[in-house]
Amino acid sequence: MAIKVEHELHKRRLGRNIGLGLVLVGFVALVFGLTVVKVERGDFSANPPRAEGGE
Amino acid sequence: MTDTSINNQATTGTGTGDAEFGDYFALLKPRVMSLVVFTALVGLLAAPVDVHPVIGFASILFIALGGGASGALNMWWDADIDRIMKRTRNRPIPAGRVSEGEALSFGAFLAAFSIVMLGLAANLVAAAILAFTIFFYVVIYTMWLKRWTPQNIVIGGAAGAFPPMIGWAVATGGISVESVLMFTLIFMWTPPHFWALALFMKSDYHEARVPMLTVTHGRRATRLHILVYTILLVSVAIGTGFTAIGGPVYLTVALLLNALFLKGAFDIWRRNEAQAEGDGYRAEKKLFALSLVYLFGHFGAILAESTLGQFGMGGW
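Everything numeric in this text was worked out from a predicted model, so none of it was measured.

Residues and elements named next belong to chain B. Ranked by internal contacts, the top residues of the largest apolar core, which has 98 residues, are Phe62, Ile63, Leu118, Phe299 and Ile302. It is helix α10 (residues 177-200) that provides the largest number of residues to this core, a total of 12 residues. Per-domain counts for this core show at least three residues from each of domain 1 (17-174) and domain 2 (176-316). Non-local contacts of Leu118, meaning those with residues more than four positions away in its chain, are made with Ser59, Phe62, Ile63, Asn123, Ala126, Ala127, Leu130, Ile166 and Val170.

All names here are of chain B. Summed over all chains, the structure comprises 18 aromatic pairs over all chains. Centre to centre, the rings of Phe261 and Tyr294 are 4.7 Å apart; their planes meet at 35 degrees, and the pair counts as tilted. Of this pair, Phe261 sits in helix α14 (residues 248-270) while Tyr294 sits in helix α16 (residues 282-310), and the two are 33 residues apart along the sequence. The burial state of Phe261 is the same as that of Tyr294; both residues are buried.

This next bit is on the environment of Ala208(B). Residues and elements named next belong to chain B. Its location among the elements puts Ala208 in the loop between α11 (202-207) and α12 (213-216). Ala208 sits 39 residues away from Ala169 along the chain, and the two C-alpha atoms are 38 Å apart. When near neighbours in sequence (up to four residues on either side) are disregarded, Ala208 contacts Ile81, Ile84 and Met85.

With that out of the way, let us pick up the side chain of Thr230(B). All names here are of chain B. Tracing the chain through its elements places Thr230 in helix α13 (residues 218-240). Under the relative-accessibility criterion, Thr230 is labelled buried at 0%. Those residues within four positions of Thr230 in sequence are excluded, and the remaining contacts are Pro192, Phe261, Leu262 and Ala265.

It is worth spelling out the side chain of Arg219(B) at this point. Within the element layout of this structure, Arg219(B) appears in helix α13. Polar side-chain contacts of Arg219(B) include one of 2.3 Å to the backbone oxygen of Leu199(B).

Here we come to the interface of chain B and chain A. With 29 residues of chain B at the interface, the matching set in chain A holds 23 residues. Both faces combined, the contact of chain B with chain A buries some 2000 Å², and carbon together with sulfur accounts for 62% of it. Inspection of the region where chain B meets chain A yields zero salt bridges. In this assembly, chain B and chain A are joined by three residue pairs in polar contact (both at pLDDT 80 or more). Those elements giving two or more residues to the side of chain B that touches chain A turn out to be α1 (3-11), α2 (21-27), α4 (53-77), α6 (100-121) and α9 (163-172) of chain B.

What follows concerns the packing of helix α3 (residues 30-46) of chain B against α4(B). Residue and element names in this part refer to chain B. Their axes nearest at 9 Å, the elements α3 and α4 cross at an angle of 145 degrees. Handedness of the α3/α4 crossing: right-handed. Contact residues: Met33, Val36, Val37, Ala40, Leu41 and Leu44 in α3; Gly56, Ile60, Ile63, Ala64 and Gly68 in α4. When its residues are assigned to classes, the contact of α3 with α4 shows nine nonpolar, two polar and no charged.

With nine of its 10 residues buried, α9(B) lies for the most part within the structure. Along α9(B), the residues that are buried comprise Pro163(B), Pro164(B), Met165(B), Ile166(B), Gly167(B), Trp168(B), Ala169(B), Val170(B) and Ala171(B).

Before going further, it helps to spend a moment on the domain arrangement of chain B. Residues and elements named next belong to chain B. Assigned domains within chain B: domain 1 (17-174) and domain 2 (176-316). Taken over C-alpha atoms, the centre of domain 1 sits 21 Å from the centre of domain 2. Across the contact, 32 residues belong to domain 1 and 36 residues belong to domain 2. Buried area between domain 1 and domain 2, summed over both chains or domains, comes out near 2900 Å², and the portion from carbon and sulfur atoms is 77%.

Conventions and cut-offs
Residues numbered from 1 in each chain as written. Chains lettered and ligands numbered in written order. Predicted model: local features only at pLDDT ≥ 70, side-chain atom pairs only at ≥ 80, totals over all residues. Heavy atoms only, no water. Core = buried A, V, L, I, M, F, W, Y, C linked by side-chain atoms within 4.5 Å. Buried < 20%, exposed > 50% of the residue type's maximum accessible area, 1.4 Å probe, protein only. Helix = DSSP H or I, 4+ residues; strand = E, 2+ residues; numbered from the N terminus. Domains from an automatic or database assignment. Contact = heavy atoms within 4.5 Å. Phe/Tyr/Trp six-rings, centres within 6.5 Å; stacked < 30°, edge-to-face > 60°. Polar contact = N/O pair within 3.5 Å; in protein donor to acceptor, adjacent residues only side chain to side chain. Buried area = accessible area lost by both parts, 1.4 Å probe. Salt bridge = Lys/Arg side-chain N within 4 Å of Asp/Glu carboxyl O. Axes fitted to C-alpha atoms, helices over the stretch in contact; angles between N-to-C directions. Left-handed = near helix turned anticlockwise from the far one by under 90°. Nonpolar A, V, L, I, M, F, W, Y, C, P; charged D, E, K, R; others polar.

Written out as structure tokens, the structure is:
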């Protein structure tokens, strides 16, 4: 017998999985963006960046 | 166990945890989170150090997540009283859509995640203040003070007051007089805000045996406390206008909002219970609504001063 999506529960699970997927994609994009910014500034430790040749 | 039986259990409140995505979002207390985001953003933008937009965005997001984690842990601990109070009965745990264990795991994971990520994205000072905020809200306020003392709101209010300090720390890497003033503004605002709510939600706290001031010291004392705290709040709010984060715009907004707030608190103090019941707690509800405008107005004005400052116009 073929498995049918016939219960409202399946819709809830699908919604939850799609939501979680979007959150994960967003997180990957955010970490990528942060990495690009930190590499460009050459400061990986903290914000605000240390002044070059600072006192 | 079939899908149908799982669903039946969920609706009868046994907490099987087969929730929608929105239920997990509701665990984060989105309305409280909006206040956290706004005040943290103002703290970040009002600071005298520019922050790269990507770092700023990520930091605000992790601060919001940390605030949300506190909310989830608060709902986990308070599930028993949330089931009793009308206002909270439909939250994901008492409604049976999320189990208590799930809320605990979710909150604990998000708390650790947000602290580590804020430390990596911004700096350790900001991450440390966020960690302390979560600890303060969950352990000091939720687990200890809330059910023990009528001063719960006064001391516990500190947890909600930290976000602008975290935002400021993201930008500057430290703490300063201005960030402490923003903290104090929210800290002093919290008691009159919540006591006004407690005056017209009286049966809720009483039935849940939460020792709100209205329950332990009576409604007359609560009305007096609202007035006294409002007078203290007014002095902090106006005083902030003469510091580096203040200016003519802030002071104008502060004078107007504080005059209205003081009048509202005075009206509440002057009334007795019969008058309040007679008009359905109109003055109390009005002050509660005004308190929201009050806080957003003050932080909006700080933001306006900072924005004008970029064009050489803000501040004194």
